[in-house]
Amino acid sequence: MEYSPRAVSDQENTEVDPSRGSFGTRFGFLMAAAGSAVGLGNIWKFPYITGEYGGGAFVLVYLACIVIVGLPLMYAELIIGRRGGSDVFGALRNLTAKSGSPAGAAVSSVAGIMAVLSGLFILSFYSVVAGWAVHFLGVSVGAIPAAPGGAGPTFTALFESFEWSATWHTVFMIITVVVVSGGINGGIEKICSRLMPGLIGILLLMLVYVGVTGGLGDSLEFLFAPNFHKLSMEAVVEALGHAFFTLSLGMGAMVTYGSYLKSDRGIVRDGVTIALIDTGVALLAGTVIFAVVFAGGKEAGAGPGLVFVTLPDLFDSMPGGTVIAIAFFVLLIFAALSSAISLLEVVVSFLVDRFGVSRKAAAAGLGVAIWGLGLLSANSSLTFGIPGALSGFLGEGDKAMLDILDNLTTRVMLPLGGVLIAVTAGWLITKEDREAGFEHLERGPGYAKAWTFLIRFVAPVLVLFVLLVKAEFISLG
Ligand code: TRP
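Here's what I pulled together on the structure shown here. Being a predicted model, the structure only gives us computed values, none of them experimental.

Counting through the fold element by element, Phe27 comes out in helix H2 (residues 26–37). Sequence separation of Phe27 and Phe245 is 218 residues, and the distance between their C-alpha atoms is 23 Å. Not counting residues within four places of it along the chain, the set of residues in contact with Phe27 comprises Ser193 and Pro197.

Bringing the site of the ligand into the picture now. Around the ligand, the surrounding shell holds 15 residues, and the nearest of these are Ala37, Gly41, Tyr126, Phe245 and Ser248. At 3.0 Å from a nitrogen atom of the ligand is found a main-chain nitrogen or oxygen belonging to Phe245. Here the ligand loses 100% of its free accessible area of 360 Å² to cover by the protein chains. Spatially, the ligand is embedded in the largest cavity. For the shell around the ligand, the elements supplying multiple residues, two or more each, are H2, helix H3 (40–52), helix H11 (233–246) and helix H15 (321–355). Class assignment of the residues belonging to the shell around the ligand gives a composition of seven nonpolar, eight polar and no charged.

Counted according to the given criterion, the structure contains 10 salt bridges. Close ionic contact of Asp433 with Lys98 constitutes a salt bridge, the shortest N to O distance being 3.0 Å. Of this pair, Asp433 sits in helix H19 (residues 431–434) while Lys98 sits in helix H5 (residues 88–99), placing them 335 residues apart in sequence. Note on Asp433: relative accessible area 0%, which makes it buried. What makes Lys98 partly exposed here is its relative accessible area of 44%. Among the salt bridges present, the one from Glu345 reaches Arg359, with a minimum N-O distance of 2.8 Å. With Glu345 in helix H15 and Arg359 in helix H16 (residues 359–378), this residue pair connects regions lying 14 residues apart in the sequence. Accessibility assignment for this pair places Glu345 and Arg359 in one class, buried. One network of salt bridges, in which partners are shared, links Arg82, Arg83, Lys98, Asp264, Glu432 and Asp433.

Attention now goes to the side chain of Glu77. With respect to the helices and strands, Glu77 occurs in helix H4 (residues 56–84). Among buried charged residues, Glu77 stands out as having no salt bridge; its nearest opposite-charge side chain is Arg20, 13 Å away. For Glu77, the side chain forms a polar contact with the main-chain nitrogen of Val255, separated by 3.4 Å. Those residues in contact with Glu77 that sit more than four places away from it in its chain are Ser248, Leu249, Gly250, Met251, Gly252, Ala253, Met254, Val255 and Ile421.

What follows deals with the nonpolar core. Among the nonpolar cores identified, the biggest contains 164 residues, and Phe29, Leu73, Ile274, Phe308, Phe315, Phe328 and Leu332 are the most heavily contacted of them. Counting residues per element, this core draws most heavily on H15, at 19 residues.

Moving on, we come to the layout of surface pockets. Its boundaries defined by the atoms lining it, the largest pocket holds a volume of some 1,100 Å³. Along the walls of the largest pocket sit 38 residues, with Lys45, Tyr48, Asp406, Asn407 and Arg411 positioned nearest its centre. Going through the elements one at a time, H3, helix H6 (102–141), helix H7 (151–160), H11, strand E2 (398–400), helix H18 (401–428) and helix H20 (444–470) are the ones with two or more residues in the lining of the largest pocket. Looking at the lining of the largest pocket, the element that brings in the most residues is H3, giving seven residues.

Definitions and limits used
- Residues numbered from 1 in each chain as written.
- Predicted model: local features only at pLDDT ≥ 70, side-chain atom pairs only at ≥ 80, totals over all residues.
- Heavy atoms only, no water.
- Helix = DSSP H or I, 4+ residues; strand = E, 2+ residues; numbered from the N terminus.
- Contact = heavy atoms within 4.5 Å.
- Near = heavy atom within 4 Å.
- Polar contact = N/O pair within 3.5 Å; in protein donor to acceptor, adjacent residues only side chain to side chain.
- Areas by Shrake-Rupley, 256 points an atom, 1.4 Å probe, with all protein chains shown as cover.
- 1 Å grid on protein atoms, 1.4 Å probe; cavity = no way out; pocket = protein on both sides within 12 Å on 5 of 7 lines; lining within 4 Å.
- Sits in = over half its atoms within 2 Å of the grid points.
- Nonpolar A, V, L, I, M, F, W, Y, C, P; charged D, E, K, R; others polar.
- Salt bridge = Lys/Arg side-chain N within 4 Å of Asp/Glu carboxyl O.
- Buried < 20%, exposed > 50% of the residue type's maximum accessible area, 1.4 Å probe, protein only.
- Lys, Arg positive; Asp, Glu negative; His and termini not counted.
- Core = buried A, V, L, I, M, F, W, Y, C linked by side-chain atoms within 4.5 Å.
- Points joined across faces, edges and corners; volume = space filled by probe spheres on them.

This is the structure we're talking about:
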């Protein structure tokens, strides 16, 4: 089914403002939304935290978190965007105003402002990390000399060189701005409809490759044979936090994309599809990466350096390794780009819808601002002393800007945003808006009931728990 402008449901539902732009097809919307979800979180972070927390049991808990917390919040964001018909701030305000709840205005304003700030902050450092992938692509094709001693020293040199990090960050930001300037249909949808199938294609080819070169059996066993005595409470908290991050929840990315949909029909199914693609890509990436790691006789728990250090060295010693390295870093860049696009779109739509700024001016102006902030993250020798009282949120001692912004957003702002969005969707909007996406389903009323319970009680409590543990208000002993 396509979200065509003439669909009957458009007349039934809140009208769509045509001047805002919209997705042309259902496929395009799914690629953009799945592109937002599939990012560095899937290909860089998921494999390394799974490695650190011991594999199978962690994966199982992570899958449970996607279903219990991720999916309900995904639907909440999509329906708020679709029914609110505006940027994240405006959509939240519109729907809470409709319900007339006095708490609604306050909660939705705070959630909206924080969402926009999260977008700014995350993109500034995300672009720096994505830039590292561009550098490694350059090294793989032989355009940039590797440091003597392999990927470890190459990565360290890159990390310590402000010039290199800033250069790739600049390149990556320019590309992101150009795509978002092109609009929803002509820019974001068009690009993501190519990036996502390309990304999945590369992953499948890599899967075939490791099927030949070996390690596949060990990898599958590591990921899918649960070993529960390795599971710690800390791992459970990490799984829940990551389920949330990997689906791009808590900062209105799905609210924003949902606002460019022309119909409520299919939103529930779309949410499930996005989560399935995201989870599928994470598991596939994990399978490929661990196959390479085990075939090379390395350990799974290498930490954040897994894809930038362990992997490139292993590729080097494999047959056809250059091609595989190139494929892998293209994959990483595709994943990061479609996520960066949605991060920028959250903030651009805020300026366009709230202040009537033109899309091109908003994208360019924000691009410069975010680029400037990102320069602080590109400079790893620039550190800031963290006052003791804030060390739970921001880390201890002297911290680089990249770590500060990463911690601030993923430990505090996204979970807090998620709680506020869950509370808004569960309690502060009308029943009609809340259940709009379930109306057309055969077993709609039953699903709507189950969802309402999860979004009112389960999601806010669990996410609040993660927030308190991550910010070190609750200690797991
Ligand atoms: N989901 C992205 C990833 O897995 C990261 C991310 C978190 C994100 N929040 C977001 C991307 C909001 C876009 C919008 O890497």
